[in-house]
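# Coordinate inspection notes
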Amino acid sequence: MKKVRIGIIGTGAIAGHHIKSVQELENCELVALASSSKERAIEASSKYRVVAYRSYQQLIENPTIDAVIVCTHSGNHLAPVLAAAKEGKHILVEKPIEVNSERAKKMITACQEAGVQLGVVFQNRFSPGYLQVKQALDAGKLGKLILGNAYIKWFRSAEYYQKSHWKGTIAGDGGAALINQGIHTIDLLLDSMGAVESVFGKIKTVKHKIEGEDLGVALLTFKNGALGTIEGSTAIQPGYPERLEIYGEKGSIILEAGNIVSWEIEGEESIAHNGQANSSGSSKPLDIGHQLHKAQLRNFVEAVLNNDRPLVDGPSGTKSLSLIESIYLSAKEQKEIFL
Ligand SMILES: NC(=O)c1ccc[n+]([C@@H]2O[C@H](COP(=O)([O-])OP(=O)(O)OC[C@H]3O[C@@H](n4cnc5c(N)ncnc54)[C@H](O)[C@@H]3O)[C@@H](O)[C@H]2O)c1
């Protein structure tokens, strides 16, 4: 069986989830890593027994690599993606695709022109609970959708921001609570409810000493006529599991940290459980585990092998970013924004 040979760019916090995922899947193998930090490059090289380059350019020039996973900070996705596309590498990039949609568009165009696959990591699209929701929606089980809500009342410590040079900054993170943490559930909201027609947003920085927001709310009107709300924060203690609520004329579904906690559909047995919650990043970023990253990587690798589009491709992975940008703009201009 042909294996997709993978290089990972950036060896910070999330890279570990990707390394484990690559190592556990049969149809891909880890060939090299690139880290801008000399110590981490040396450490990673001996730990994973692969070549560790000091720059992503060197990694991309390795002709044996088929695909790269970009795990640098959010405002530094564009440069490695453009360079990798130019060398004909397929690309899986961490969320958000970049810190604004203008930069995202350049990445999508470069990948299209180079004929390489571009996937964006939104691993929650692969959770068994969400896949069940998606199936029910595709089958029209909820009837006409009337309301959709995304609530991400998470907590991050002062140290979380202080020890990072990019988190909570506009250049490095694009903002904070909505674009970094809330974006996962906002992505699911858009994937289940459809496109947004207009948004009215407000953002504040209430707790942390950061440039971006640590509290944001938005009122949405979807193109299908449904209404919706978003509440996102990294200032709510102790941090609660994120919720996705979908309401239609024929029923309601509520997911909490990817777990179905309410399933009430006309003609179907209801599900209401408060069982063991899935692991969530509500207060500790890496508590999410790597299993959903692995599920998304499997989909990406299969897309590369079959010359197919990954489930979350560039345009699909940009929708949540565009909505969040509109929330920021609405908050700044204090008016409803039409997308
Ligand atoms: N999918 C998820 O659930 C999830 C979770 C956490 C982070 N992320 C995303 O992953 C990305 C990285 O986040 P993190 O928390 O791992 O950040 P981090 O700061 O821990 O790691 C970033 C790494 O990139 C390296 N880097 C930066 N520029 C580089 C360059 N030019 N060449 C090589 N290496 C370079 C840095 O040395 C650092 O090791 C962000 O976009 C973030 O939003 C996603």
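Residues numbered from 1 in each chain as written. Predicted model: local features only at pLDDT ≥ 70, side-chain atom pairs only at ≥ 80, totals over all residues.

### Some words on the sheet that holds strand S4 (residues 67–70)
- Taken together, the 6 strands give an open sheet; going across it, the order is S3-S2-S1-S4-S5-S6, and neighbouring strands pair in parallel fashion. Two strands in the sheet have a free side with no partner beyond their single neighbour: strand S3 (51–53) and strand S6 (118–120). The average angle at which neighbouring strand axes cross in this sheet is 25 degrees, direction not considered.
- Relative to S4, strand S1 (residues 4–9) runs parallel, the two sharing 4 bridges. In the strand pairing of S4, Ile-8 is matched with Ile-69.
- Helix H1 (residues 15–24) rests against S1, strand S2 (28–34) and S4 of the sheet, and its axis sits at about 150 degrees to S2. (Pairing = 2+ DSSP bridges. Helix = DSSP H or I, 4+ residues; strand = E, 2+ residues; numbered from the N terminus. Axes fitted to C-alpha atoms, helices over the stretch in contact; angles between N-to-C directions. Contact = placed C-beta atoms within 7 Å.)

### Focus on the nonpolar core
- Core analysis: the biggest nonpolar cluster contains 92 residues, and Ile-6, Val-68, Val-81, Ile-91, Met-107, Ile-324 and Ile-327 have the highest contact counts within it.
- Of the domains in this structure, domain 1 (4–122 + 291–304) and domain 2 (124–289 + 320–338) are the two that each give at least three residues to this core.
- The residues touching Val-68, leaving out its near neighbours within four places in the chain, are Gly-7, Ile-9, Ile-60, Ala-84, Lys-89 and Ile-91. (Core = buried A, V, L, I, M, F, W, Y, C linked by C-beta atoms within 7 Å. Buried ≥ 20, exposed ≤ 12 C-beta atoms within 10 Å, placed from the backbone. Domains from an automatic or database assignment.)

### Notes on the domain arrangement of the protein
- According to the domain assignment, the protein contains domain 1 (4–122 + 291–304) and domain 2 (124–289 + 320–338).
- Centre-to-centre separation of domain 1 and domain 2, based on C-alpha positions: 26 Å.
- Secondary-structure elements contributing two or more residues to the side of domain 1 that touches domain 2 are helix H5 (101–114) and helix H10 (291–306).
- Here the side of domain 1 that touches domain 2 gets 4 residues from one element, more than from any other, and that element is H10.
- Residue composition of the side of domain 1 that touches domain 2, grouped by class: 8 nonpolar, 7 polar and 1 charged. (Nonpolar A, V, L, I, M, F, W, Y, C, P; charged D, E, K, R; others polar.)

### Let's talk about the packing of helix H4 (residues 78–86) against H5
- Relative to each other, H4 and H5 sit at 10 degrees, their axes nearing to 9 Å. The orientation of H4 with respect to H5, classified from their angle, is roughly parallel. On H5, the residues that touch Leu-78, Val-81, Leu-82, Ala-85 and Lys-86 of H4 are Arg-103, Lys-106, Met-107, Ala-110, Cys-111 and Ala-114.
- Of the residues contributing to the contact of H4 with H5, the split by class is 8 nonpolar, no polar and 3 charged. (Parallel < 35°, antiparallel > 145°, perpendicular 65-115°, else oblique.)

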